[in-house]
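# Working through the structure, step by step
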Amino acid sequence: MFRSTTGSIRRLTPSRRIGTGWIASSLSMLSSYVRCFATTTEAKAGVQTIKEILMNIGFARKETGIRRILAGIAGCSLLFLALIMLFVFMEGLPIFAELSAKDFFFGMYWRPTSEPPEFGIFPLIVGSVAITLVSSLIAIPLGVMTAIWLTEIAPSSVRRICKPFIELLAALPSVVVGFFAMVVMAPFLQEYFDLDTGLNLFNAGVMLAFMSVPTICSVAEDSLYAVPASLREASLALGASRWETTVRVVVPAAFSGIGTACMLGMSRSIGETMVVLMAAGGAGILPTSLFDPIRPIPAAIAAEMAEAPFRGEHYHALFATAMVLFVFTLAFNTIAQRITEKSRQALD
Amino acid sequence: MQNKSTARRAARQGFMFSVFKFAAFINIAALLSVCFFLVWNGLPALSWEFLTEPPRNSMTEGGILPCIIGTFFLSLGALGVSFPLGVASAVYLHEYAGHSAFARYIRLGVNNLAGVPSIVFGLFGMSFFVISCGFGISLLSGVLTLAVLTLPVIISTAEEALRQVPGVLRESSFALGATQSQTVARVVLPAALPGMLTGAILGLSRASGETAAIMFTATVFFSKKSVDSIFSPVMALPNHVYVLATSGTEIEKTLSLQYGTALVLLGLVLGMNIIAIIARDRLQRRQGF
C-alpha cells in the first residue's frame, strides 16, 4: 500500500504534465483504496491512504502553482519587449499625420528647430549605415581573427591570460570610450591628418569597432569551440598543417556561427549611443569622406530629446527615428538567430 | 622539392599565426591605452575631497559625491529588481519549460531584448515609466529602466549557471521523493548560486556604466540635495562625464574633473568585472573543468 503511494509521488515529479497527472494518480489511488476496504484488516491502512491522497493533491496543486508563477515571470521579458515596441511606435507614428513617409525617410534635411522645421531622416540613416560599415570593416576581421587565435592557435596558458582582457574590453562603459575619443583621439587625428575637426566618422567608427570586437569575438569563439575535434584530427592526419586545417576545415565548419557573430556585432554598432553622440561630430549631412562629421540616429535622439517639446512634432519625429533604429537592430538580431537555427537544424 | 614546399608551408603558417596574434594584441593594446590615458590624466585629480564633496561653483570645482551615490542607488536598485525576475525566468526556462513553444518565444524575446539599443530603452523608460506611470524623472524610473535593460544579462548568465549543475543532483533529489519545486529550491539553486552571483556582478557593472538609458529617465545635470526619496532625480557618474565633457561653459577648465570622474567610473566598472572574472575562474576550477 505504502509502496504504491510513494510510487505515485515519484511519478508526479518527473512527468511534466502535473495538471492532469494528479487526477490520474489520485484515481489509481482511489481504486486501490476501494480494494483495500474489501478486507477489514486493512481499514487502518485505508485511512492512511486517504491522507496520502490529500497530501498528493496538495503537492500537485502547489507544483502547478509554482510552475505558473515562474512561467508568468519568464513571460515578463516578452511583455517588456512588447511594451517597448508599443510605446516607441505609439509615440512615433503620429509624425506621419504631419508629413508623408517619403518626406520622412528620404527627406534630405534634418532641421527640427528651423522655421518651418524639416524632418528628413535620410542623412541620419546614411550616417548610421556609414558608421556601421566603417566599424564593421575594422571589427569583423579583428574580432574573427582574435577568436581564431584564441581557440586554434594560442597555447592555453596564454589564452587564460588574454581572454579576460577581451572581456574587460566589452565592459568598458560607452561614455568612457566616447570621452577617450573626444579628448585623446580627436586632437590626435586633427593634428596628424590636418583636419578641421577630429570628431568625425573615422574617429567614432574606430571607437565603435573596439566596442563590437568583444561581441564578435565571443560569439565566433563559441562556434569555433563547437567544431568537433575529430574534424581537426582528420585534417591533421591527412598531412595538412595547423594553418591549413584552421582555414580550410575549422573556419568553414564554424562559418554560420561567425556569420551570427558579425550580425550581432553590427547590431551593437548601429545601436551604440554615447560614442557616436560624443565622437561623431553631430553634423546632419551626407558624408562625402571618411573624415566628415556625421549625425547617426542614436546621436540625434540623445542630443535633441531633452529640448523637444513634449508631444510636439519634433518629439514624435525623434520617436519615429527610434522606431527605425529599433527595426534595424531587430532585423540584425533576427538574421543572426535565423543563421543559428539553420545551422543547428543542419547539425541535427 | 618536397622539402622546399614543406618549408614554404611552415613559413606561411608562421607568418599567418603572427598576423592573428597581432590582431589579438591590438585589442589588448586598445584596452590598455584607454586605461593608461585615463589613469595618467585622472590620477592627479583624485583626492579624498574629490570623492566626498558635492560639485561647487556651477560644477567647475569640488567633487562627485552625489554622482557616486546616484550610481550606487541606480545600479543596486536595478539589480534588486532584475535579479529575482531574471533568476525566476532562468529557472523556468531551464528547469521547467524544456523545449516548449512558449519557452522558445521567451528565448526569442530575451535575445531581442538584449539587442535593443540603450537609447531606445531610454525613450521607452521616458514614455512609459516617467510619463504614463507618472513617476517623473526620478530614481524609480531610472531603476526600472535599468532593470529591464539588465534583465537579459541576468537571465543568460543564470541559465548558464543552471546548465553547470550536474543532472545527477536533480535525479538524486527526485529519487528521494522530492518534488520539482523542492529540488529546485533546495538542490539546484544552492548549487547554481555562485554562478548566478557572478552574473549579478556583470549586470551591476552594466547598469552602473549605462548612460543613454537614464539620460531622460533619472538624471539631472545638477541637484543640490541628496537623494531623499525614490521620486527624486539623481546625478550619476556616466552622465556627469558626458555633461562635463560636452555642455559645460568652461570645458577646458574642468578637464581634470572630467578625467577624474571618468577614471572613477572606469575603476568601478572594471573592478566589478575583474571580481566577476576571478570568481568565475575559481568556480570553474572547483567544479573541475
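### Considering the overall build of chain B
Regarding its fold elements, chain B presents eleven helices and two strands. Ordered by position in the sequence, the α and β elements of chain B form the string α-α-β-β-α-α-α-α-α-α-α-α-α. Rg of the C-alpha trace for chain B: 24 Å, well past the compact-globule value of 19 Å for 289 residues, more than 25% over. Summarising its shape, the C-alpha atoms of chain B cover approximately 70 × 65 × 35 Å along the three principal directions. The buried share of chain B, taken over its 289 residues, is 51%. By sequence separation, contacts in chain B at least 24 residues apart represent 76% of the contacts at least 6 residues apart.

### Concerning the overall build of chain A
Within chain A, the secondary structure is distributed over 15 helices and two strands. Within chain A, the proportion of its 348 residues that are buried is 44%. A separation of at least 24 residues holds for 70% of the contacts in chain A among residues at least 6 apart in sequence.

### Quick word on helix H7 (residues 156-171) of chain A
A rise of 1.5 Å per residue sets the reference length of H7 of chain A, with its 16 residues, at 22 Å; its end C-alpha atoms lie 23 Å apart and thus fit the reference within 8%. Of all the positions in H7 of chain A, only Ile 166, Leu 169 and Ala 171 of chain A are classed as buried.

### Notes on the environment of Leu 231 of chain A
Along the chain, the position of Leu 231 of chain A falls in helix H10 (residues 229-237). Note: C-alpha distance between Leu 231 of chain A and Pro 123 of chain A (108 residues apart in sequence) is 48 Å.

### Side note on the nonpolar core
By size, the foremost hydrophobic cluster in this structure holds 179 residues, and its most contacted members are Ala 181, Val 275 and Ala 279 of chain A together with Val 120 of chain B. The biggest single contributor to this core is helix H6 (residues 139-164) of chain B, with 15 residues. Both domain 1 (2-87) and domain 2 (101-347) of chain A contribute no fewer than three residues apiece to this core.

### Details of the packing of helix H4 (residues 101-115) of chain B against H6 of chain B
Think of two packed helices as two axes; the pair is described by the angle between the axes and how far apart they sit. All names here are of chain B. Two elements in contact, H4 and H6, have axes separated by 8 Å at closest approach and are oriented at 130°. Taken as axis vectors, H4 and H6 run oblique relative to one another. For the pair H4 and H6, the sense of crossing is left-handed. Where H4 abuts H6, its residues Val 110, Leu 113 and Ala 114 lie against Leu 151, Pro 152 and Ile 155. Grouping the amino acids of the contact of H4 with H6 by side-chain chemistry returns six nonpolar, no polar and no charged.

### Side note on the confidence of the model for chain A
The predicted coordinates of low-pLDDT regions are not to be read in fine detail. Residue and element names in this part refer to chain A. Put simply, chain A has an average pLDDT of 85, and 87% of its residues get 70 or more. The least confident element of chain A, judged by mean pLDDT, is helix H1 (residues 2-12) at 41; the most confident is helix H6 (residues 122-153) at 94. With pLDDT under 50 throughout, residues 1-18 is counted as low confidence; its partners more than four residues away or in other chains account for 31 contacts.

### Section: the interface of chain A and chain B
With 74 residues of chain A at the interface, the matching set in chain B holds 69 residues. No other element matches helix H3 (residues 43-92) of chain A, which puts 20 residues into the side of chain A that touches chain B. Tallied by class, residues from the side of chain A that touches chain B come to 53 nonpolar, 13 polar and eight charged.

### Observations concerning the environment of Ser 138 of chain B
All names here are of chain B. Inspection of the secondary structure puts Ser 138 in the loop between helix H5 (118-132) and H6. Assessed through the 20 C-beta atoms surrounding it within 10 Å, Ser 138 is described here as buried. Sequence-wise, Ser 138 and Ser 229 are 91 residues apart; in three dimensions their C-alpha atoms are separated by 8.9 Å. With sequence-adjacent residues up to four places away left out, Ser 138 is seen in contact with Ala 218, Ile 230, Phe 231, Ser 232 and Pro 233.

### Considerations on the packing of H7 of chain A against helix H11 (residues 255-286) of chain B
With their axes 10 Å apart at the nearest point, H7 of chain A and H11 of chain B run at an angle of 140° to one another. Classified by the angle their axes make, H7 of chain A and H11 of chain B are oblique. Relative to H11 of chain B, the crossing made by H7 of chain A is right-handed. Contacts from Pro 164, Glu 167, Leu 168 and Ala 171 of chain A in H7 of chain A reach Val 269, Leu 270, Asn 273 and Ile 277 of chain B in H11 of chain B. In terms of residue class, the contact of H7 of chain A with H11 of chain B is built from six nonpolar, one polar and one charged.

### Considerations on H6 of chain B
Residues and elements named next belong to chain B. Between its first and last C-alpha atoms H6 spans 36 Å; for 26 residues at 1.5 Å apiece the expected length is 38 Å, and the two agree. At Thr 150, H6 is bent by approximately 40°, the largest bend along its length, and proline Pro 152 sits one to four residues beyond. For H6, a buried count of 22 out of 26 residues is recorded, marking the element as mostly surrounded by other parts of the structure.

### Brief notes about the confidence of the model for chain B
All names here are of chain B. Of the residues in chain B, 94% reach a pLDDT of 70 or more, and the chain-wide mean stands at 88. The least confident element of chain B is strand E2 (residues 61-62), whose mean pLDDT is 76; the most confident is H6, at 94. Scored by ipTM, the complex comes to 0.90, with pTM at 0.86.

### Observations regarding unusual backbone geometry
Residues and elements named next belong to chain A. Across the junction of Glu 115 and Pro 116, the peptide omega takes the value -5°, indicating a cis bond. With respect to the helices and strands, Pro 116 occurs in the loop between strand E1 (110-111) and strand E2 (118-119). With a phi close to 55°, Asp 194 is a non-glycine residue in the positive phi region. Under the C-beta neighbour-count criterion, Asp 194 is labelled exposed, with 8 such atoms within 10 Å.

### Some remarks on the environment of Ile 251 of chain B
Tracing the chain through its elements places Ile 251 of chain B in the loop between helix H10 (237-246) and H11. C-alpha of Ile 251 of chain B to C-alpha of Ala 236 of chain B: the two residues are 15 residues apart in sequence and 19 Å apart in space.

Definitions and limits used
- Within any chain, residue numbers begin from 1 and follow the written order of that chain's sequence.
- Working convention: letters from A go to chains and numbers from 1 go to ligands, in the order in which they are written.
- Note on the predicted model: pLDDT of at least 70 is required for a residue's local features to be given, and 80 or more for side-chain atom pairs to be given and counted; whole-chain, interface and lining totals, by contrast, use all residues.
- Put simply, DSSP marks the helices as runs of H or I at least four residues long and the strands as runs of E at least two long, and each gets a number from the N terminus on.
- The size measure is the radius of gyration over C-alpha atoms, and the globule rule it meets is 2.2 Å times the number of residues to the 0.38 power.
- Note on burial: count the other C-beta atoms lying within 10 Å of the residue's C-beta; 20 or more is buried, 12 or fewer is exposed, in between is partly exposed, and C-beta positions come from the backbone.
- We call two residues in contact when their backbone-placed C-beta atoms lie within 7 Å.
- Helix span, as expected, comes to 1.5 Å for every residue beyond the first.
- Any set of buried Ala, Val, Leu, Ile, Met, Phe, Trp, Tyr and Cys residues joined through C-beta atoms within 7 Å is what this text calls a nonpolar core.
- For every domain, the bounds stem from an assignment made automatically or drawn from a database.
- Angular values range over 0 to 180 degrees, each being the angle between N-to-C directions of two axes fitted as lines to C-alpha atoms, with helices fitted over their stretch in contact.
- An angle below 35 degrees is treated as roughly parallel, one above 145 as roughly antiparallel, one from 65 to 115 as roughly perpendicular, and anything else as oblique.
- Here a crossing is called left-handed whenever its near helix is offset anticlockwise from the far helix by less than a right angle, and right-handed whenever the offset is clockwise.
- Ten residue types, Ala, Val, Leu, Ile, Met, Phe, Trp, Tyr, Cys and Pro, are classed as nonpolar, four, Asp, Glu, Lys and Arg, as charged, and the remainder, Gly among them, as polar.
- Residue-level confidence of the predictor is summarised by pLDDT, bounded by 0 at the bottom and 100 at the top.
- The quantity called bend is, for any residue, the angle between two axes fitted respectively to the seven residues ending at it and the seven beginning at it.

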